[in-house]
Amino acid sequence: LLGIPLGSYYLRETHSGAVRTLLGIVILVFVLFSMLSLPRLRSLNRLWGYFFGVAAGICGGAVSVSGPPVLIYSYIKDWNKEEFKGTIAAYFFVTGLLIFASHLLTGSTNSTTLLRFIALSPFLVLGAFSGHYFFNRIDGKVFRRIILGILLILGILMLVL
C-alpha cells in the first residue's frame, strides 16, 4: 500500500524505463540463482515481506507490474501451490484495484487505456479459467518450474520492451 503512490508519483515525474530495467535485471538474477539449485533459504524473516510488498507497490505504481516481487517472495517462502495460489489471487485483486485508482488520481489512466483494458478483458478471463483448470492437474514441482518460467519471460520482456 505504501509503494503504490510512490511508484505512481515516480511514473508521473520521470521515465518508467529505469524501474522496468532494474526490475528485469533483478528477476533474471533471481531466476538464474534458482535454476542453479543453490542452497535454499530455510527461513525468511517476516520483515522481508514488508520489503517485497513495498517493492511490489512501487513497481505496480510505476510500471503496472507488481507481481514479480511478490512471486519471488512467495517462491522463496516455499509455500505449497494452494497457499501460493490463494495468496497471489488475493494480492492481485486488492493491488489491481489500488493501482487502477492511483493511476486515475495521477492522470496516468485515460480513455485509451480503459478501452484497451475492456478489449483485452476476455483474454484475462480466458487465462483465469485456463489457469484454474490446469492448476488442479499439475504437481507442486511442476508448478514451481512454471513460476520460474513466467518470471524468466517477464524479466526478458522488462529488458526488451
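What you are looking at is a predicted structure, and each value in this text was computed from that prediction instead of being measured. (Residues numbered from 1 in each chain as written. Predicted model: local features only at pLDDT ≥ 70, side-chain atom pairs only at ≥ 80, totals over all residues. Heavy atoms only, no water.)

Undergrad: Would you mind going over helix α4 (residues 67–77) in detail, with residue names and values included?
TA: An α-helical turn contains 3.6 residues, so any two residues separated by three or four positions project in the same direction. Judged by how many residues are buried, α4 sits mostly within the fold: 10 of 11 residues are covered. All buried positions along α4 are accounted for by Gly67, Pro68, Pro69, Val70, Leu71, Ile72, Tyr73, Ser74, Tyr75 and Ile76. Packed against the buried residues of α4 are α2 (17–35), α3 (47–63), α5 (81–106) and α7 (140–160). Asp78 sits one or two positions beyond α4 and adopts a positive phi of about 60 degrees. (Buried < 20%, exposed > 50% of the residue type's maximum accessible area, 1.4 Å probe, protein only. Helix = DSSP H or I, 4+ residues; strand = E, 2+ residues; numbered from the N terminus. Contact = heavy atoms within 4.5 Å.)

Undergrad: I'd like a rundown of the packing of aromatic side chains, residues and numbers included.
TA: This structure, assessed with the given rule, holds 10 aromatic pairs. Taking 5.5 Å as the distance between ring centres and 85 degrees as the angle between the ring planes, the aromatic pair formed by Trp48 and Phe51 counts as edge-to-face. You can see Trp48 and its partner Phe51 sitting in helix α3, three residues apart, about one turn around the helix. For Trp48, a relative accessible area of 41% corresponds to the partly exposed category. Among the residues examined, Phe51 registers a relative accessible area of 48% and is labelled partly exposed. Aromatic pair Tyr133 and Phe134: ring centres 5.0 Å apart, planes at 85 degrees, arrangement edge-to-face. The ring of Tyr133 carries Arg137 above its face, with NZ or CZ at 3.7 Å from the centroid. Against the face of Tyr75 rests Arg144, its NZ or CZ located 3.9 Å from the ring centre. (Phe/Tyr/Trp six-rings, centres within 6.5 Å; stacked < 30°, edge-to-face > 60°. Lys NZ or Arg CZ within 6 Å of the ring centre and 35° of its normal.)

Undergrad: Describe in detail the environment of Leu114, supporting the description with residues and values.
TA: The residue Leu114 is located in helix α6 (residues 111–135) in this model. If we ignore the near neighbours within four places in the chain, the residues touching Leu114 are Phe100 and Thr109.

Undergrad: Explain the layout of surface pockets to me, using residue names and the numbers behind them.
TA: In this structure, the largest pocket occupies an estimated 1900 Å³ of space. In terms of lining residues, the largest pocket is bounded by 44 residues, among which Ser64, Phe92, Gly96, Phe117 and Leu124 are the most central. Elements with a contribution of two residues or more to the lining of the largest pocket: α3, α4, α5, α6 and α7. The class makeup of the residues in the lining of the largest pocket is 27 nonpolar, 14 polar and three charged. Here the second largest pocket is characterised by a volume of approximately 370 Å³. (1 Å grid on protein atoms, 1.4 Å probe; cavity = no way out; pocket = protein on both sides within 12 Å on 5 of 7 lines; lining within 4 Å. Points joined across faces, edges and corners; volume = space filled by probe spheres on them. Nonpolar A, V, L, I, M, F, W, Y, C, P; charged D, E, K, R; others polar.)

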